[in-house]
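Geometric and topological summary
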Amino acid sequence: MRYHLTTFGCQMNEHDSERMRGVLEDLGYSRVDARDEADLILFNTCTIRGSADERFLGNLGDAKRVKRERPDALVAVGGCWAQSMKEQVFREFPFVDIAFGPSEVARLGELVARERIDAVGAFSFDGAFSGSLPARRERAHQAWVQISVGCNCVCAYCIVPSVRGRERSRPLADVVGEVRALAADGVVEVTLLGQNVNSYGRDLPREERATFAELLRAVAGVEGIARVRYTSPHPKDMKADVIAAMAECPEVCEHLHLPAQSGSTRILKAMRRTYSRERYLDLVARLRGAIPDLSLTTDLIVGFPGETEADFEDTLRLVEECRYDGAYTFLYSPRPGTEAAERLPDDVPAEVKRERIGRLVEVVQRTAAERAARFVGTTGEVLVEGPSRTDPSKLRGRLRQNITVNFTGTAAPGSLVRVAIEGATSTTLSGRQAGAPAPADLVPA
Ligand code: SAH
Ligand code: SF4
Ligand code: F3S
């Protein structure tokens, strides 16, 4: 049996897909590159913006064609879009055989088997946590580790809480156990994943309760793990203990993805982000004070209901003031069932949204290019990931600051090397390998 999997959405989904592969391959399925050759056509879907739905539906149309040509093939749809549709998937898309929500990865095998027997449409939407399933890692030396699922925030624009449910944390011992096993398997860099990582642990039973800062220190202490990253934190939960753990653990990288969403206090309030522009800026100042050479990235939404030119200019100035190393910029997209979609008119005209995002991207790129230029002439520690995507004669890796470096060198994937940085664009750096790393770089004190 052969399967074909297409993944949409965030790192959470990428990681869930690794587990889908794990579940299927343990059942004897093998991966195939062409949808036309698959016995099981599987999608892991996202529904964060209207554009995510559209991209997926285009692919689903292709699966319909395959199903018409080969009615024996199974079409399975998992993830956030599937959860938002529930059984309605089968009514609107009758060629779909299996549908399941984002916390049902463990049931995938069972669903496939059930569908083969019953042929009526197998589905499952209210499963429990599946954080410790076998996974087929996409990268040998880097791994994602899920520390929580779901989100208790009520950001007015966001559909995630309704499709991923309430926040549930994995016990610290489970997370550390998984990281130990990964280290034993050759992993040197882990990225802790959650919708709001730094509210981690509050839901755990009293005897297992732990904070995100404690978790960060415990993971950083696992032998063999040279780098720890995490995404995404919520600014409201970024407390002094987390900043201290970042500053004090040499394994925790100098990069933070700190979603701001807007630079206007008025809009932040309407978004229910629970911090003001001033508090966000104050947080950034404290982070920069504690963690020298921190690289900072963010998410920004343009055209939220009621956003005026003055609000938007506050966002532009936020980018200038925070000096982001990069930012994901999104056009506001009303999502069914969210507070913003139900209660606030989508009143920023499409052409104004487009004009604003154009100006925003310009400022983001200029700032990012200025920031990247600070590395030129320095030597940094790079974790080698493989050949460069643009020039296979070169290697590709990442600085601790999470910036991609394409460089001339001979090191094997998974090794940490010193690279002399010689050039910069707004998104990548270039350079050449500068000899073996000093022991101090490999074994942080
Ligand atoms: N849990 C993460 C990310 C969630 S989704 C966090 O809170 O950081 C990733 C990004 O998509 C969000 O940060 C936000 O910028 C954007 N986003 C979410 N809903 C959106 C919507 N309805 N329209 C436009 N952008 C949206
Ligand atoms: Fe969505 Fe807000 Fe939760 Fe992030 S913190 S997933 S933006 S509700
Ligand atoms: Fe999309 Fe679900 Fe992630 S909606 S962004 S895949 S949590």
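For the structure itself, look to the data block above.
Throughout this document, residue positions are counted from 1 along each chain, in the order its sequence is written. Going through the entries in the order they are written, you letter the chains from A and number the ligands from 1. Residue-level local features of this predicted model are given only where pLDDT is at least 70; pairs of side-chain atoms are given and counted only at 80 or more, and the full residue set underlies all totals for whole chains, interfaces and linings. Values shown for side chains rest on all heavy atoms present in the structure; no hydrogens or waters enter the calculation.

1. Here we look at the site of ligand 1
Summary of the distance rule: residues count as near a molecule or strand when at least one heavy atom falls within 4 Å of that molecule or strand. Contacts to ligand 1 come from 14 residues, most closely from Arg 49, Gln 195, Gln 261, Asp 299 and Ser 333. Residue Gln 195 places a side-chain N or O atom 2.7 Å away from a nitrogen atom belonging to ligand 1. In protein, a polar contact means a hydrogen-donor-capable atom and an acceptor-capable atom, both N or O and within 3.5 Å, with residues adjacent in sequence counting only if both atoms are side-chain atoms; elsewhere, any N or O pair within 3.5 Å suffices. Taking Ser 333, its main chain carries an N or O atom lying 2.7 Å from a nitrogen atom of ligand 1. When isolated, ligand 1 has an accessible area of 540 Å², and the protein chains bury 88% of it. Secondary structure elements are defined from DSSP: runs of H or I of at least 4 residues count as helices, runs of E of at least 2 residues count as strands, and each element is numbered from the N terminus. At the level of elements, strand S13 (295-302) and strand S14 (326-331) are the ones that each hand at least two residues to the shell around ligand 1. The residue classification treats Ala, Val, Leu, Ile, Met, Phe, Trp, Tyr, Cys and Pro as nonpolar and Asp, Glu, Lys and Arg as charged. All others, Gly included, are polar. Partitioned by chemical class, the residues of the shell around ligand 1 number seven nonpolar, four polar and three charged. The Shrake-Rupley method, run with a 1.4 Å probe sphere, supplies the accessible areas, and residue values consider only the shown protein chains as cover.

2. Observations regarding the sheet that holds strand S3 (residues 40-45)
Following DSSP output, two strands are said to pair if at least two bridges run between them. The strand order across the open sheet built from six strands is S2-S1-S3-S4-S5-S6, with neighbouring strands paired in parallel fashion. Here the strands that pair on one side only, and so sit at the sheet edges, are strand S2 (30-31) and strand S6 (122-124). Across two bridges, the pairing between strand S1 (residues 2-7) and S2 is parallel. Opposite Tyr 3, over in S2, you have Arg 31 as the bridge partner. Here a residue-residue contact requires only that any non-hydrogen atoms of the pair lie within 4.5 Å. Axis definition: a line fitted to C-alpha atoms, limited for helices to the stretch in contact. Angles are taken between N-to-C directions and run from 0 to 180 degrees. In this fold helix H1 (residues 11-26) packs onto S1, S2, S3 and strand S5 (98-100), with an angle of close to 175° to the strand it touches most, S1. Along the sheet, helix H2 (residues 50-69) contacts S1, S3 and strand S4 (74-79); its crossing angle with S3, the most-contacted strand, is approximately 170°.

3. Some details on H1
Taking 1.5 Å as the rise per residue, H1 with 16 residues should run 22 Å; its terminal C-alpha atoms sit 23 Å apart, in good agreement. Partly exposed residues are those whose accessible area sits between 20% and 50% of the maximum for their type, while under 20% is buried and over 50% is exposed, using a 1.4 Å probe and protein chains only. The buried count for H1 comes to twelve of 16 residues, which makes it a mostly enclosed element. Listing the buried residues of H1 in full gives Met 12, Asn 13, His 15, Asp 16, Ser 17, Glu 18, Arg 19, Met 20, Arg 21, Gly 22, Val 23 and Leu 24. One or two positions beyond H1, positive phi appears at Gly 28, with a value near 100°. Working rule for helices: expected span equals 1.5 Å times residues minus one.

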